[in-house]
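Reading the structure
Each chain, written out:
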Amino acid sequence: MAGAAVLGRLKPLTWQLCDVAEVVEETPQAKTLVLDAPDWPGHLAGQHVDIRLTAEDGYQAQRSYSIASAPDEGRLALTVERLPDGEVSPYLTDVLVVGDKLELRGPIGGYFVWNAGQGEPVLLLGGGSGVVPLMAMIRHRRAAGGDAPMRLLYSAKRADDLIYREELEELAARGDGFEAFFTLTREQPEGWHGFGRRVDRELIAEVGWPAADDPVAYVCGPTGFVETVASELVESGLPPHRIKTERFGPTGG
Amino acid sequence: MTELKLDGNAAAGDLEQLFAFEVTTAVGTCANCGAVGAVGDTIVYAHAPGIVVRCPACQSVLLRVAHDGDSRYWLEMTGVRSLEIRV
C-alpha cells in the first residue's frame, strides 16, 4: 500500500529532478503545475513537497507547496499562488513553462493527512490557497469512493481568488455527501449566494457538524486564519486533538 | 511577526533530510514544560538563517536546524526531552 510505504520510509528524503508536463491557470494569481516525476513513490492526501530553485551563481531558495492531486490520480499536481514579493512563487507562476525541469523532494508530512478510510464526518476549512491540500482530500474522497460526510468552508477575498470553484461546485452537486460553502471577505459580486464575512463561531455552527458527531477538522491557510479558526473550533466544542492545522506564511512564497 | 509563524510541517523537509522517518507524526515531549505533542503541531520560524522549532504550549525552543546550503547540517535539540517515533 502506497500510504504505508510513505509513512514507513526508511531512508532520508532526497532531491529529484522532474519535468513540468502541464501548466493550468486556475485564477489570475494561481497556477497548477502538473509534474512528471519518474521516481515519485506516491503520496497521501494533504502532504506537501519542497521545491528548490538554484540560480546560476549557486544561490538557492527553497519553499514548501501542497500537493493538489489525489493519491489515486497517478499524477503529481501542485497549485502555486503568486505572492507579489515572493522569491520563488513568481518564478513558478510566471516563468516556468511546459518542458522545464524542477527540483523537488517529497512527499513530506504525515500529520496533516486524511485517508478515505476514515469514516467520521470531516470539516475542511481553507483560507486562500490553503484550499490546496484540502482539494487533494476532496479529490481523494471522490476517487476512492469514500463515504465519509465531508464539508468544505472556503474563505477568499474575492470571487476571482477562488481556486477550483467550478470543480468544487460540480463535486458538491453530485449529492454524494460532499458539500462546499464559500465565503468572500472583501468583495461579493452581484447575485452572490455564498457567505460574505470572515469565518467566525456562528459561521462554523452554520456549516459545521455538531460536536456530538465527533467530527475531525482540517484547517489550512495563513497563520492568522489558522489561529482564529482553530480557537473558534475549540470554543465551539471540538477537542483540540480533533483539529489538524497547517499554516503558511511569506516564507511559503 | 505573527505572519512569520509557521508550524512543524514547514520544518519537515529539512528534518527528513536528516532522519529516516516521517517526522511530523513523531510525538515529542518539551524539556521545559513537559507538554506532549506531534512535531506537525509545533510552532516554526523558518525565516531566520536556521529553522527554529518552538513548543506551542510554553513557546520555549525545542530544536534548531541550520544548513550551510551544501552538505553540512547542525542540529541542536536540548529543548526536546524525548521523541516517540513510529516506523
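That block above? That's the structure.
First, a word on what this report is: a plain description of the structure on this page.

Basis of the calculations
- Residues numbered from 1 in each chain as written.
- Chains lettered and ligands numbered in written order.
- Predicted model: local features only at pLDDT ≥ 70, side-chain atom pairs only at ≥ 80, totals over all residues.
- Heavy atoms only, no water.
- Salt bridge = Lys/Arg side-chain N within 4 Å of Asp/Glu carboxyl O.
- Helix = DSSP H or I, 4+ residues; strand = E, 2+ residues; numbered from the N terminus.
- Buried < 20%, exposed > 50% of the residue type's maximum accessible area, 1.4 Å probe, protein only.
- 1 Å grid on protein atoms, 1.4 Å probe; cavity = no way out; pocket = protein on both sides within 12 Å on 5 of 7 lines; lining within 4 Å.
- Points joined across faces, edges and corners; volume = space filled by probe spheres on them.
- Nonpolar A, V, L, I, M, F, W, Y, C, P; charged D, E, K, R; others polar.
- Contact = heavy atoms within 4.5 Å.
- Buried area = accessible area lost by both parts, 1.4 Å probe.
- Polar contact = N/O pair within 3.5 Å; in protein donor to acceptor, adjacent residues only side chain to side chain.
- Core = buried A, V, L, I, M, F, W, Y, C linked by side-chain atoms within 4.5 Å.

Now for the pattern of salt bridges. Under the criterion given, the structure shown has 23 salt bridges over all chains. Here Asp 14 of chain B ties to Arg 105 of chain A by a salt bridge, and the two come within 2.8 Å at their closest N and O atoms. Here Asp 14 of chain B is found in helix 1 (residues 8-18), whereas its partner Arg 105 of chain A is found in strand 6 (residues 101-108) on a different chain. Looking at Asp 14 of chain B, the relative accessible area reads 12%, which means it is buried. Residue Arg 242 of chain A pairs with Asp 214 of chain A through a salt bridge whose shortest N-O separation is 3.3 Å. Placement of Arg 242 of chain A in the loop between helix 6 (223-235) and strand 11 (243-248) and of Asp 214 of chain A in the loop between helix 5 (201-207) and strand 10 (216-222) is noted, with a sequence separation of 28 residues between them. One connected set of salt bridges, linked through shared partners, spans Glu 227 and Arg 247 of chain A together with Lys 5 and Asp 7 of chain B.

The next thing to look at is the layout of surface pockets. The volume enclosed by the second largest pocket comes to roughly 720 Å³. Lining the second largest pocket are 36 residues; nearest its centre among them are Tyr 111 of chain A together with Ala 38, Asp 41, Thr 42 and Pro 56 of chain B. Counting only elements with at least two residues in the lining of the second largest pocket, the list comes to helix 6 and strand 11 of chain A together with strand 2 (27-30), strand 3 (36-38), strand 6 (61-67) and strand 8 (80-84) of chain B. With five residues, the top contributor of residues to the lining of the second largest pocket is helix 6 of chain A. Class assignment of the residues belonging to the lining of the second largest pocket gives a composition of 23 nonpolar, eight polar and five charged.

Turning our attention to the interface of chain A and chain B. In this complex, chain A contributes 28 residues to the contact, which on the side of chain B involves 27 residues. Overall, the association of chain A and chain B removes approximately 2100 Å² of surface from exposure, summing both partners, and the carbon and sulfur fraction of that is 49%. Between chain A and chain B we count three salt bridges in total. Ionic pairing is found between Asp 7 of chain B and Arg 247 of chain A, a salt bridge with its closest N-O pair at 3.6 Å. The interface formed by chain A and chain B includes 13 residue pairs in polar contact (both at pLDDT 80 or more).

Cis peptide bonds are those with omega within 30 degrees of zero, and the linkage from Gly 106 of chain A to Pro 107 of chain A qualifies with 0°. In this fold, Pro 107 of chain A is placed in strand 6. Backbone geometry at Asp 214 of chain A places phi at a positive 55°, although glycine is not the residue there. Of note, the phi angle at Gln 59 of chain B is positive, near 70°, even though the residue is not glycine. Among the secondary structure elements, Gln 59 of chain B is positioned in the loop between strand 5 (51-54) and strand 6.

All names here are of chain A. Counting residues in hydrophobic clusters, the biggest one holds 34 residues, and the most contacted among them are Leu 124, Met 137, Ile 138, Leu 152, Tyr 154, Leu 168 and Tyr 218. At the level of secondary structure, the elements contributing two or more residues to this core comprise strand 7 (122-127), helix 3 (131-143), strand 8 (150-156), helix 4 (165-173), strand 9 (178-184) and strand 10. The element contributing the most residues to this core is helix 3, with seven residues. The residues contacting Ile 138, other than those within four sequence positions of it, are Leu 124, Met 150, Leu 152, Leu 168, Leu 171 and Phe 178.

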